[in-house]
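An overview of the molecular structure
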2 protein chains.
Amino acid sequence: MKIHPMWDDHPTIQSELIATNHLIEKNITIKNPAVREEILKRLLSGGKMLRPAYSLLFSYYADERDAERARAIAAAIEVLHTATLMHDDVIDQAAVRRGQTTMNAAFSNQVAVYTGDYLFTVCFRLLSLYAKDAAVLKIDTTGMEDILIGELNQMDMRYDPNMKMRHYLKQIQGKTAQLFALSCYAGAYKADSDNKLAHLAYRIGHNIGMAFQVRDDILDYTQDPSVLGKPSMSDFRNGIYTAPLLYAMQANRKVFEPYIAREDAILERELTEVHGLVSQYGGIELAQGLAEKYTLKALKLIRQLPEHPVKETLKRLTEQLLLREM
Amino acid sequence: MKIHPMWDDHPTIQSELIATNHLIEKNITIKNPAVREEILKRLLSGGKMLRPAYSLLFSYYADERDAERARAIAAAIEVLHTATLMHDDVIDQAAVRRGQTTMNAAFSNQVAVYTGDYLFTVCFRLLSLYAKDAAVLKIDTTGMEDILIGELNQMDMRYDPNMKMRHYLKQIQGKTAQLFALSCYAGAYKADSDNKLAHLAYRIGHNIGMAFQVRDDILDYTQDPSVLGKPSMSDFRNGIYTAPLLYAMQANRKVFEPYIAREDAILERELTEVHGLVSQYGGIELAQGLAEKYTLKALKLIRQLPEHPVKETLKRLTEQLLLREM
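Just so it is clear, the model here is predicted, and its values are computed rather than measured. (Residues numbered from 1 in each chain as written. Chains lettered and ligands numbered in written order. Predicted model: local features only at pLDDT ≥ 70, side-chain atom pairs only at ≥ 80, totals over all residues. Heavy atoms only, no water.)

**A short note on the overall build of chain A**
Looking only at helices and strands, one finds 16 helices and two strands in chain A. A globule of 326 residues ought to have a C-alpha radius of gyration of about 20 Å, and chain A, at 20 Å, matches this closely. For chain A, the C-alpha atoms occupy an extent of roughly 60 × 50 × 35 Å along the three principal directions. Within the span of chain A, comprising 326 residues, buried residues form 62% of the whole. Contacts in chain A between residues far apart in sequence, at least 24 positions, make up 72% of those at least 6 positions apart. If you sum the accessible surface of chain A, you get close to 12900 Å²; carbon and sulfur atoms cover 52% of it. Taking the 39 positively charged and 41 negatively charged side chains of chain A as two groups, their mean positions are separated by 2 Å. (Helix = DSSP H or I, 4+ residues; strand = E, 2+ residues; numbered from the N terminus. Rg over C-alpha atoms; globule rule 2.2 N^0.38 Å. Buried < 20%, exposed > 50% of the residue type's maximum accessible area, 1.4 Å probe, protein only. Contact = heavy atoms within 4.5 Å. Areas by Shrake-Rupley, 256 points an atom, 1.4 Å probe, with all protein chains shown as cover. Lys, Arg positive; Asp, Glu negative; His and termini not counted. Charge placed at Lys NZ, Arg CZ, Asp CG, Glu CD.)

This is the structure we're talking about:
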């Protein structure tokens, strides 16, 4: 079981993430040994586990921390996230994720779809077995709706030359920021208090999630595939128009239109041209400015949290994400 | 909103199914109007709604029937069932279902996968909003695991010449009988009693589900596509070997082996030959005998239920399913 090296400096969270992974392992009860092994390989692959980590961090604010509940929520979030990634990979026909062969590439689209479905049920089982408060369940299902509606909206606007910044912000709120927000909220949630802290956690998570996705979308334009573990410019190729492009288009819409019109027939050479134009019109810098804006908002809200040893970790982690290279 | 004409003779269940459909409609909160309409068209297409109907029928055995809870469970079951069908259609590359264009054919595999995911969340939302007892939630998630594991097992054995009757029975238990069993169980479930009735309901549902799937598999060999709404022999074509073939293979394994070895390269002409051989070796009759055996077991258990006006409906409905032609 690998844990991402970024947690080496945070031994408490590191050991909680290991416990979370053990809980995940215990709950993958699927009998087919080959499929089970492949699922676990992907679930416990040493990914950053940011969503569960944030959820766990906020759980320390509870007066009497319920470790079992905190880990169950963290595990459910990671399982859910992996399920959506598995379905994303089918849809994007992706062959590699986190440096590993995807389920669809290793087996088939079929196995990947069903395995994702299975993970959806594991997520709910974790929540219903260990985190029984109806609020968490309800929030979680509502949240998942937003994630999927975000994905559907994104799909709806694929290759759409009229895609604007406001569509993009709505999409990433649904498909990414909502899960970050709910992770923080569910971690901080205590059934018997006034939930002010949980609501603050929600807003912090929202801003972290927005910053995270914008940074992710920048990396699709700036990262070498061998580092990122997936081909760069894959969003543009798939008709998904993100902050760097949308900012550049605000500067000169016309120059990008012919490339957009090429849809999935676009050539590698043309992709390189798009990349050059996005840089030239300042799209990367402006997008990084947007990520920074959300990060600063998150940090401002984090400062409103009560004093606690985890506060420093929350702060450092959030700053770190803004500068991450993968 | 269409309700299948088979319910015309059962006005109580008919009006409960209409109420269930209204609840489903209310809970499809997806904002994209085109996608919403397409989802509702498929959810409320006048299918038989057998699983929700059985669940509703058993809900009448409760001392103080909670109509809201009963409808929520019925709605959750129908939504879940539709979600799995949507993903099945992606996997089988099916173009038609219940006489309607499938989501994957009308839109794309992508939209069909995400819409199925969305319906999974609607199912859980229905349960967590209206049927809060943790037992129902827990049973449901465990049940879904079985359904998906059943599907995975089935996929694992596609085009496998060593497929046997015992594999088949295990597969249909997971992929079909379990949901029937849980539908009946959840309908009858009362948190404050000894749950004897619910356990009896579970066993009844199991046998109904087994009979239903065997009959379904027979229809794949006997029905004209224009009646069934999907091409017949599609199971064999997809490498799924069901009761009629497996019985015929028990009589003469060798004669079928060359056809199985053709896998998905099999021709229409060869499919017609397989059909003839299955009939010749008595596969259809033996499979119908198996469906009958499960139906008789279900009827025997139904007789053990306390006297109640719905008992006659349960009996008639279960007999009717054995003879259905679509």
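**Notes on a positive patch on the surface**
Residues Lys31 of chain A together with Lys164, Arg166 and Lys170 of chain B make up a contiguous surface patch of positive charge. Structurally, the position occupied by Lys31 of chain A is in the loop between α1 (11-27) and α2 (33-43). (Patch = residues over 30% accessible without salt bridge, like charges linked within 9 Å, V, L, I, M, F, W, Y side chains within 5 Å. Salt bridge = Lys/Arg side-chain N within 4 Å of Asp/Glu carboxyl O.)

**Considering the pattern of salt bridges**
Residues and elements named next belong to chain A. Here the structure, examined in full by the defined rule, presents 22 salt bridges over all chains. Among the ionic pairs, Arg42 bridges to Glu38, the shortest N-O distance being 2.6 Å. In this pair, Arg42 and Glu38 are both assigned in helix α2, four residues apart and thus about one turn of the helix distant. When its relative accessible area of 10% is taken as the criterion, Arg42 is described as buried.

**Points about helix α6 (residues 109-130) of chain B**
In this model, α6 of chain B (22 residues) spans 32 Å end to end at C-alpha, consistent with the 32 Å of a helix rising 1.5 Å per residue. By the criterion of burial, α6 of chain B is predominantly enclosed, with 19 of the 22 residues buried. (Expected span 1.5 Å × (residues − 1).)

**Some words on the relation of the copies chain B and chain A**
Here chain B sits on chain A after a turn of 180° about the axis and a move of 0.1 Å along it, with an RMSD of 0.0 Å. Viewed as a symmetry operation, the transformation between the two copies matches a two-fold axis. Interface overlap between copies: 97% of the residues of chain B at the interface are likewise at the interface in chain A, consistent with a symmetric, same-surface contact. (Least-squares fit on C-alpha atoms with pLDDT ≥ 70 in both.)

**Overview of the interface of chain B and chain A**
Counting residues at the interface gives 34 residues for chain B and 33 residues for chain A. Summed over both sides, the interface of chain B with chain A buries roughly 3500 Å², with 71% coming from carbon and sulfur. The largest per-residue losses of area from chain B upon contact with chain A belong to Tyr114, Glu145 and Leu152 of chain B, which jointly make up 20% of the total buried on that side. At the boundary of chain B with chain A, the tally comes to zero salt bridges. Taken together, chain B and chain A are joined by four residue pairs in polar contact (both at pLDDT 80 or more). Elements represented by at least two residues in the side of chain B that touches chain A include exactly α4 (67-92), α6 and α7 (134-156) of chain B. The residue makeup of the side of chain B that touches chain A, split by class, is 16 nonpolar, nine polar and nine charged. (Buried area = accessible area lost by both parts, 1.4 Å probe. Polar contact = N/O pair within 3.5 Å; in protein donor to acceptor, adjacent residues only side chain to side chain. Nonpolar A, V, L, I, M, F, W, Y, C, P; charged D, E, K, R; others polar.)

**Quick look at the nonpolar core**
In terms of nonpolar packing, the biggest core is built from 160 residues, with Ile28 of chain A together with Ile28 of chain B touching the most fellow members. Other than its neighbours up to four places away in sequence, Ile28 of chain B contacts Arg36, Ile39, Leu40, Leu43, Tyr118, Leu119 and Val122 of chain B. (Core = buried A, V, L, I, M, F, W, Y, C linked by side-chain atoms within 4.5 Å.)

**Regarding the side chain of Asn104 of chain B**
Residue and element names in this part refer to chain B. The topology assignment puts Asn104 in helix α5 (residues 103-106). Relative accessible area serves as the criterion here: at 11%, Asn104 is assigned to the buried category. At 3.2 Å, the side chain of Asn104 and the backbone oxygen of Asp89 are in polar contact. In this structure the side chain of Asn104 is engaged in a polar contact, spanning 3.0 Å, whose partner is the side chain of Thr102. Discounting chain neighbours no more than four positions away, the residues touching Asn104 are Asp89, Val90, Gln93, Ala94, Asn109 and Ala112.

**A closer look at the packing of α1 of chain A against helix α3 (residues 50-59) of chain A**
Residue and element names in this part refer to chain A. Where α1 contacts α3, the axes come no closer than 10 Å and their chain directions differ by 115°. The way α1 lies across α3 gives a crossing that is right-handed. Listed contacts from α3 to Ile13, Glu16, Leu17 and Thr20 of α1 are Pro52, Ala53, Leu56 and Leu57. When its residues are assigned to classes, the contact of α1 with α3 shows six nonpolar, one polar and one charged. (Axes fitted to C-alpha atoms, helices over the stretch in contact; angles between N-to-C directions. Left-handed = near helix turned anticlockwise from the far one by under 90°.)

**Points about the state of the cysteines**
Such a bond, covalent and formed between the sulfur atoms of two cysteines, is termed a disulfide. One pass over the full model with this rule turns up zero disulfides over all chains. The thiol sulfur of Cys123 of chain B is not disulfide-bonded, and the nearest other cysteine sulfur, from Cys123 of chain A, lies at 13 Å. Cys123 of chain B gets classed as buried once you look at its relative accessible area, which sits at 0%. (Disulfide = S-S within 2.5 Å.)

**Looking at the domain arrangement of chain A**
Residue and element names in this part refer to chain A. Along its sequence, chain A is organised into domain 1 (1-132) and domain 2 (161-326). With centres defined by C-alpha atoms, the gap from domain 1 to domain 2 works out at 22 Å. With 25 residues of domain 1 at the contact, the number on the domain 2 side is 32 residues. Here domain 1 meets domain 2 over a buried area of about 2500 Å², counting both sides, of which 69% is carbon and sulfur. On inspection of domain 1 and its partner domain 2, the count reaches four residue pairs in polar contact (both at pLDDT 80 or more). Elements with a minimum of two residues in the side of domain 1 that touches domain 2: α3, α4 (67-92) and β1 (96-97). Residue composition of the side of domain 1 that touches domain 2, grouped by class: 13 nonpolar, five polar and seven charged. (Domains from an automatic or database assignment.)

**Focus: the packing of aromatic side chains**
Residue and element names in this part refer to chain A. Under the definition given, this model contains 15 aromatic pairs over all chains. Residues Tyr185 and Tyr202 carry aromatic rings whose centres are separated by 6.3 Å and whose planes lie at 85° to one another, so their mutual orientation is edge-to-face. Taken as a pair, Tyr185 in helix α8 (residues 165-188) and Tyr202 in helix α9 (residues 196-222) lie far apart in primary sequence, 17 residues in all. Under the relative-accessibility criterion, Tyr202 is labelled partly exposed at 27%. For the ring pair Phe256 and Tyr281, a centre distance of 6.3 Å and an interplane angle of 65° mean the geometry is edge-to-face. Taken together, the residues Phe256 in helix α13 (residues 253-261) and Tyr281 in the loop between α14 (268-280) and α15 (283-303) connect sequence positions 25 residues apart. With relative accessibility at 0%, the residue Phe256 sits in the buried group. (Phe/Tyr/Trp six-rings, centres within 6.5 Å; stacked < 30°, edge-to-face > 60°.)

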